[in-house]
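# Fold and geometry: a report
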Amino acid sequence: MATSASKGQVFVWQGIDRQGRSTKGEIESVSSAMAKAQLRRQGIKPKTVKKKAKPLLGTGGKKIKPADIAIFTRQMATMMKAGVPLVQSFDIVGDGIDNPTMKDIVFSIKNDVASGTGLASALEKHPKLFDELFISLVASGETSGTLDTMLDRVATYKEKSEALKAKIKKALTYPIAVVIVALIVTAILLVKVVPQFAETFSSFGSELPAFTLFVLEISNFAQEWWFLLLVGIIAGVSAYKEVYKRSFALREAQDKVMLRAPVFGDIVFNSVVARFSRTLATTFAAGVPLVDALDSVRGAAGSIPYSKAIKNIRDDVTTGSTLYNAISDTGMFPLMLLQMVSIGEESGALDEMLDKVASHYEDAVDNAVDSLSSLMEPIIMSVLGVLVGGLMVAMYLPIFMLGSAI
């Protein structure tokens, strides 16, 4: 698949491979004749070669999510474990993908591999989808002749990572969604319902309770300025997202706040430790040197304070320090991790010990998310009761006072 216009055009082709099987895919070339010549050099007898049609609207296709990469990796690992040749594995996996964008990527990688390019080199052409850790593990598997085993490890790593992200997302999404709904309901009451009561109160001819007057003032403000408030909120959120992308200091500050936040801080901390242990266990088991493995771990830390700490660990290990001492010097990792690393270094089973630590903290995140969900439900109901119930009390309080006066 083309990555820029200067590299030529993309052609869709169908043909017969060296084993006589029907196959298809995409190829980048300057013309259909050159595309056919390239296919013949790959041992493919082309039947049809035509220029790929451009989508009518935009770039077309669905966005490729990390979960798609995890599924693709697991399917490739399964094919390789079953003894299916690599190129044929791409055909089988690619034909079963529903996402057209992902399908294009798979067949693009397949074409590169079929033309003699190594799998790791083919994956490097898509850095937004396959990170350095993924590519280095695949390259290690190709070098050692254990690509099927390495793909299985990468698939397991991606699945565990995505499961961990899903748990964190679950912990954050539910309360945020309910609070947003509560704010929307409150805004509707202030703009639409409270004014109806205000017209009724105007005929009372007596002084209204302070709480009712306070709510009426908020309602008047919301009616007069609701559009500017809405635009301000949208602009504020958009500006924050843009500044967040550009400002390293803001991202670091937010990560620090998340680590110190009540309840949520423990979940974030456990997830960082689990990610650190899982990534280091996977890379170390793959035969990646410890210093290089720590580089990969640093990139997958998911927290800037811990990314800095891992850099310090790497520097200490480079100068001859043991991994246990290097981690201990940061003062940011739990005692259990330190003890398991010490045992792993002494016994020569560091990857196994780290894998156990990762599983422990992944379970801790899972349990914390379940507990948080149970804890948040009564809290959220209380917030909703205070917001909506408070408005109703403010509106009916004058009526109750009038009734008692009569």
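In what follows, the accompanying structure is described. These figures come from a predicted structure and were not determined experimentally.

## Concerning the side chain of Thr73
Checked against the element boundaries, Thr73 lands in helix α2 (residues 66-81). Engagement of the side chain of Thr73 in a polar contact is seen with the backbone oxygen of Ile69, the distance being 2.6 Å. Discounting chain neighbours no more than four positions away, the residues touching Thr73 are Phe134, Leu151, Val154 and Ala155.

## Some details on the sheet that holds strand β1 (residues 9-16)
Read from one edge to the other, the open sheet built from 3 strands follows the order β2-β1-β3, with strand pairing classed as antiparallel. The open sheet has two free edges, formed respectively by β2 (22-29) and β3 (45-51), since each of these has just one partner strand. Put simply, the sheet's adjacent strands are angled 25° from each other on average, direction ignored. Inspection of the sheet shows β1 paired to β3 by 6 bridges, in the antiparallel sense. By the bridge assignment for β3, Val12 is matched with Lys50.

## With respect to the packing of helix α3 (residues 86-95) against helix α4 (residues 100-114)
It is at 9 Å that the axes of α3 and α4 come closest, and there the two elements cross at 170°. Classified by the angle between their axes, α3 and α4 sit roughly antiparallel to one another. Crossing angle aside, the handedness with which α3 passes α4 is left-handed. Between α3 and α4, the residues in contact are Leu86, Val87, Phe90, Asp91, Gly94 and Asp95 and Lys103, Val106, Phe107, Ile109, Lys110, Val113 and Ala114, respectively. Classifying every residue of the contact of α3 with α4 gives 8 nonpolar, 1 polar and 4 charged.

## Considerations on the layout of surface pockets
Within this model, the largest pocket holds a volume of roughly 1600 Å³. Surrounding the largest pocket, 40 residues form its lining, Lys165, Tyr244, Arg275, Gly302 and Ser303 being those nearest its centre. Per element, the largest residue contribution to the lining of the largest pocket is 8 residues, and it comes from helix α7 (residues 147-201). For the lining of the largest pocket, a count of residues per class yields 17 nonpolar, 9 polar and 14 charged.

## Here's the deal with empty space enclosed by the protein
Once rolled over the atoms, a probe with the size of a water molecule shows which space is left empty. This model, assessed by the stated rule, comprises 1 cavity of 30 Å³ or more. The volume enclosed by the largest cavity comes to roughly 60 Å³. If you trace the largest cavity, you find it lined by Phe72, Thr73, Met76, Phe90, Leu119, Leu123, Phe134 and Leu151. Residue contributions to the lining of the largest cavity peak at 3 residues, all from α2.

## Structural notes on a nonpolar patch on the surface
On the surface, Phe221, Trp225, Trp226, Phe227, Leu228, Leu229, Leu230, Val231 and Ile234 cluster together into a nonpolar patch covering about 900 Å² of accessible area. Topologically, Phe227 is positioned in helix α8 (residues 210-246).

## A look at the side chain of Asp112
Tracing the chain through its elements places Asp112 in helix α4. Within the local environment of Asp112, its side chain forms a polar contact with the side chain of Lys125, the two groups lying 3.3 Å apart. Dropping the residues within four chain positions of it, Asp112 is found in contact with Thr117, Ala122 and Lys125.

## Some thoughts on the packing of aromatic side chains
For any pair of aromatic rings, the description rests on two quantities: the centre-to-centre distance and the angle between the ring planes. Taken as a whole and assessed by the stated rule, the structure comprises 7 aromatic pairs. Aromatic ring contacts, followed pair by pair, group Phe72, Phe90, Phe130 and Phe134 into a single cluster.

## Some words on α2
Between its first and last C-alpha, α2 extends 23 Å over 16 residues, near the 22 Å set by a 1.5 Å rise per residue. Restricting attention to buried positions, one finds in α2 the residues Ile69, Ala70, Phe72, Thr73, Met76, Ala77, Met79 and Met80. If you follow the buried residues of α2, they end up packed against α3, α4, α6 (132-144) and α7.

## Side note on a positive patch on the surface
A grouping of Lys62, Lys63, Lys65 and Lys169 is seen on the molecular surface, where their side chains present a positively charged patch. Note that Lys63 resides in the loop between β3 and α2. Residue classification places Lys63 among the exposed residues on the basis of a relative accessible area of 72%.

## Brief notes about helix α10 (residues 264-285)
An α-helical turn contains 3.6 residues, so any two residues separated by three or four positions project in the same direction. Between its first and last C-alpha, α10 extends 31 Å over 22 residues, near the 32 Å set by a 1.5 Å rise per residue. The element α10 is extensively covered by neighbouring structure, given that 17 of its 22 residues are classed as buried. Note on α10: the residue one or two positions beyond its end, Gly287, has a positive phi of about 90°.

## Here we look at the nonpolar core
Membership of the largest hydrophobic core comes to 75 residues, with the highest contact counts inside it found for Phe90, Ile109, Leu119, Phe130, Leu280 and Leu323. The residues touching Leu119, leaving out its near neighbours within four places in the chain, are Leu86, Phe90, Ile109, Val113, Val138, Glu142 and Leu147. The next biggest cluster of nonpolar side chains, apart from the first, holds 12 residues, and it includes Leu208, Val215, Leu216 and Leu391.

## Considering the pattern of salt bridges
A full pass over the atoms with the stated rule returns 12 salt bridges. Put simply, Glu242 and Arg246 hold a salt bridge, and the shortest N to O gap is 2.8 Å. Here Glu242 pairs with Arg246, and both are found in helix α8, just 4 residues apart, close to one helical turn. A relative accessible area of 36% means that Glu242 is categorised as partly exposed. Measuring nitrogen to oxygen at the nearest pair gives 2.8 Å for the salt bridge that ties Arg314 to Asp295. One end of the pair, Arg314, is in helix α12 (residues 304-318); the other, Asp295, is in helix α11 (residues 290-299), and 19 residues separate them in sequence. Residue Arg314 is classed as partly exposed on the basis of its relative accessible area, which comes to 24%. Taking the relative accessible area as the measure of exposure, Asp295 reaches 34% and is therefore partly exposed. Taken together, the shared-partner salt bridges connect Asp295, Lys311, Arg314 and Asp315 into one network.

Rules and cut-offs
- Residues numbered from 1 in each chain as written.
- Predicted model: local features only at pLDDT ≥ 70, side-chain atom pairs only at ≥ 80, totals over all residues.
- Heavy atoms only, no water.
- Helix = DSSP H or I, 4+ residues; strand = E, 2+ residues; numbered from the N terminus.
- Polar contact = N/O pair within 3.5 Å; in protein donor to acceptor, adjacent residues only side chain to side chain.
- Contact = heavy atoms within 4.5 Å.
- Pairing = 2+ DSSP bridges.
- Axes fitted to C-alpha atoms, helices over the stretch in contact; angles between N-to-C directions.
- Parallel < 35°, antiparallel > 145°, perpendicular 65-115°, else oblique.
- Left-handed = near helix turned anticlockwise from the far one by under 90°.
- Nonpolar A, V, L, I, M, F, W, Y, C, P; charged D, E, K, R; others polar.
- 1 Å grid on protein atoms, 1.4 Å probe; cavity = no way out; pocket = protein on both sides within 12 Å on 5 of 7 lines; lining within 4 Å.
- Points joined across faces, edges and corners; volume = space filled by probe spheres on them.
- Patch = residues over 30% accessible without salt bridge, like charges linked within 9 Å, V, L, I, M, F, W, Y side chains within 5 Å.
- Areas by Shrake-Rupley, 256 points an atom, 1.4 Å probe, with all protein chains shown as cover.
- Salt bridge = Lys/Arg side-chain N within 4 Å of Asp/Glu carboxyl O.
- Phe/Tyr/Trp six-rings, centres within 6.5 Å; stacked < 30°, edge-to-face > 60°.
- Expected span 1.5 Å × (residues − 1).
- Buried < 20%, exposed > 50% of the residue type's maximum accessible area, 1.4 Å probe, protein only.
- Lys, Arg positive; Asp, Glu negative; His and termini not counted.
- Charge placed at Lys NZ, Arg CZ, Asp CG, Glu CD.
- Core = buried A, V, L, I, M, F, W, Y, C linked by side-chain atoms within 4.5 Å.

This is a description of form; function is not addressed.
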